[in-house]
Amino acid sequence: MKKIFILIFTFSINLSYSKEIQVNLLELYKELHANPELSYQEYETSKKLASLLESIGYQVTRNVGGNGVVALLENGDGNTVMFRADMDGLPVEEKTGASYASKNRVKNLEGEEVFTMHACGHDVHMTVLIGVAEYLYKNKDTWQGKLLLVLEPAEEVSGGARNMIKDGLFTKFPRPDFNLAFHVSASLQAGKVGYLPGWAMANVDSVDITVKGLGGHGAYPHTTKDPIVIAANIVTQLQTIVSRQIAPTDPAVVTVGSIHGGTKHNVIPNEVKLQLTLRSYTDEVRNQTLSSIERIVRGSAISAGLTEEYFPVIEIKDEYTPAVFNNPSLVEEVQRSFVNTLGDDKVIQVSPVMGGEDFGMFGRVEPIIPTALFWLGAVNNEVYEKAKRDDLTLPSLHSDLFLPDADPAINTGVEAMSNAIVDLFANKI
Ligand SMILES: [Zn+2]
Ligand SMILES: [Zn+2]
């Protein structure tokens, strides 16, 4: 063990790539940033990166679970390590003012024309993956193992991971011993990385509720069953799930993000539509939340005097994202490697969030593969200090103002992840 550690440490110190590669990576980043594609439509992005990985020397398989790409480098005996980056952008109009800002407009799957932006930093993830690919290929005489680089489509709509697994990611290719990923952080400075053992990101469910009623004249409410009042009652009652029904020690969120019904002041409509997002960590809390919703919705209809045929319809959307559970032993190993590479002050323990990431899906396939997602600092140092000084809020992920400090973030990501992967090739956790 000690011997391996020293070997790795020497490698870590020596790891620095040439200026030329840095410049290429930044150019690649800017090109990806300027040309974001929406979920399920990452055709050009996936084509470009597949060719790039092939030209570096990887064995590349295209169209894995849609636009997914798998690049494999088999390099002797050792663990198989998977490193994932996601490829899709968001329907957001970029307002960062960057010279390489996206001006792209495309048709979404519903046929509407929308702006697109890499507002979740997936362009950084892809660039880091290419940097890692290039570095580990060039230095393949310093390690032994199998490297599985995965470019995932449709992460934002929770389809990519599921589709890639269904299409044989863990059966057609060497099965990973470890799954790793980075996600940029909108609150951590560029040059730093974040780690967290255990629950890191939440289960995400989307639920549609159609509240039915009997419409009529606004001046004769007694002749109607007003779905607006029933919906208002449901919205209020839903607030008691987290505050009164789930244990205070178990994190959960129930948010009604959309409520629509009615057309005019004096017309009581026939229905109101609600859209909810639910968050939790454990399956128990997830199931408890879903059954509470069912009970509350049904109870509200009964108390309004509606008969069964008019009970609200609940639809749990199938774009479920499972929570990300970071394998504690894997986090410990990688965190140690990050410290060796970047120094103690650059490796920060972060708090869990209730955001979702369908990377969690890769850690749920039996037999379970140790899986961990790490945060890659992306906030410009000056912006960070100014925000702290003036008590300003930094743009969050998905904001039209979110602009990573790409150069230091990418270099840190490539350096830290390349070393961590090399460490894991030889590691027996
Ligand atoms: Zn996102
Ligand atoms: Zn993301």
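To start, this report covers the structure provided alongside it. Model, not experiment: these values are computed from the prediction.

### Topic: the overall build of the chain
In step 1: When you go through the chain residue by residue, the secondary structure sums to ten helices and 18 strands.
In step 2: Here the C-alpha radius of gyration of the chain, 24 Å, is about what a compact globule of 429 residues would show, namely 22 Å.
In step 3: Over its C-alpha atoms, taken along the principal directions, the chain stretches across nearly 80 × 50 × 45 Å.
In step 4: For the chain, buried positions account for 52% of its 429 residues.
In step 5: At a minimum sequence separation of 6, the contacts of the chain that also span at least 24 residues come to 82%.
In step 6: Of the roughly 19,300 Å² that the chain leaves accessible, carbon and sulfur atoms contribute 52%.
In step 7: Between the averaged position of the 37 positive side-chain charges in the chain and that of its 53 negative side-chain charges there is a distance of 1 Å.

### A closer look at the sheet that holds strand S2 (residues 68-75)
In step 1: Within the open sheet, the eight strands sit side by side as S1-S2-S6-S3-S7-S18-S8-S17. Their pairing is mixed. With one partner strand each, in any of the chains shown, strand S1 (59-64) and strand S17 (347-349) form the two edges of the open sheet. Along the sheet, successive strands turn relative to each other by an average axial angle of 25 degrees, direction set aside.
In step 2: Judged from the four bridges that link them, S1 and S2 form a sheet pairing that is antiparallel. Bridge assignment links valine 64 to a residue of S2, and that residue is glycine 68.

### Some thoughts on the pattern of salt bridges
In step 1: Under the definition given, this model contains 20 salt bridges.
In step 2: For glutamate 31, the salt bridge identified is with lysine 48, shortest N-O distance 3.1 Å. Remark: lysine 48 occurs in helix H3 (residues 43-56) and glutamate 31 occurs in helix H2 (residues 19-34); sequence separation between them is 17 residues.
In step 3: Here glutamate 31 falls in the partly exposed class, since its relative accessible area comes to 39%.
In step 4: Between lysine 273 and glutamate 271 there is a salt bridge; the shortest N-O distance is 3.8 Å.
In step 5: The class of lysine 273 is partly exposed, set by a relative accessible area of 42%.
In step 6: Overall, glutamate 271 belongs to the partly exposed group, its relative accessible area being 37%.
In step 7: Salt bridges sharing common partners tie together Arg84, Asp86, Glu152 and Glu357.

### So, the environment of glycine 159
In step 1: Locating glycine 159 in the fold gives a position in the loop between strand S6 (145-152) and helix H5 (160-166).
In step 2: Taking the C-alpha atoms as reference points, glycine 159 and glutamate 319, separated by 160 residues in sequence, lie 6.8 Å from one another.
In step 3: For glycine 159, the contacting residues outside a window of four places in its chain are Tyr40, Ala154 and Asp358.

### A word on the pairing of S2
In step 1: Buried residues dominate S2, accounting for seven of its eight residues.
In step 2: The loop that links S1 with its antiparallel partner S2 comprises three residues; one of these, glycine 65, has a positive phi angle of about 60 degrees.
In step 3: For S2 and S6, the ladder comprises seven bridges, and the chain directions are antiparallel. Note that in S6 the partner of asparagine 75 across the bridge is glycine 145.

Here is what the cut-offs are and how they apply
- Residues numbered from 1 in each chain as written.
- Chains lettered and ligands numbered in written order.
- Predicted model: local features only at pLDDT ≥ 70, side-chain atom pairs only at ≥ 80, totals over all residues.
- Heavy atoms only, no water.
- Helix = DSSP H or I, 4+ residues; strand = E, 2+ residues; numbered from the N terminus.
- Rg over C-alpha atoms; globule rule 2.2 N^0.38 Å.
- Buried < 20%, exposed > 50% of the residue type's maximum accessible area, 1.4 Å probe, protein only.
- Contact = heavy atoms within 4.5 Å.
- Areas by Shrake-Rupley, 256 points an atom, 1.4 Å probe, with all protein chains shown as cover.
- Lys, Arg positive; Asp, Glu negative; His and termini not counted.
- Charge placed at Lys NZ, Arg CZ, Asp CG, Glu CD.
- Pairing = 2+ DSSP bridges.
- Axes fitted to C-alpha atoms, helices over the stretch in contact; angles between N-to-C directions.
- Salt bridge = Lys/Arg side-chain N within 4 Å of Asp/Glu carboxyl O.

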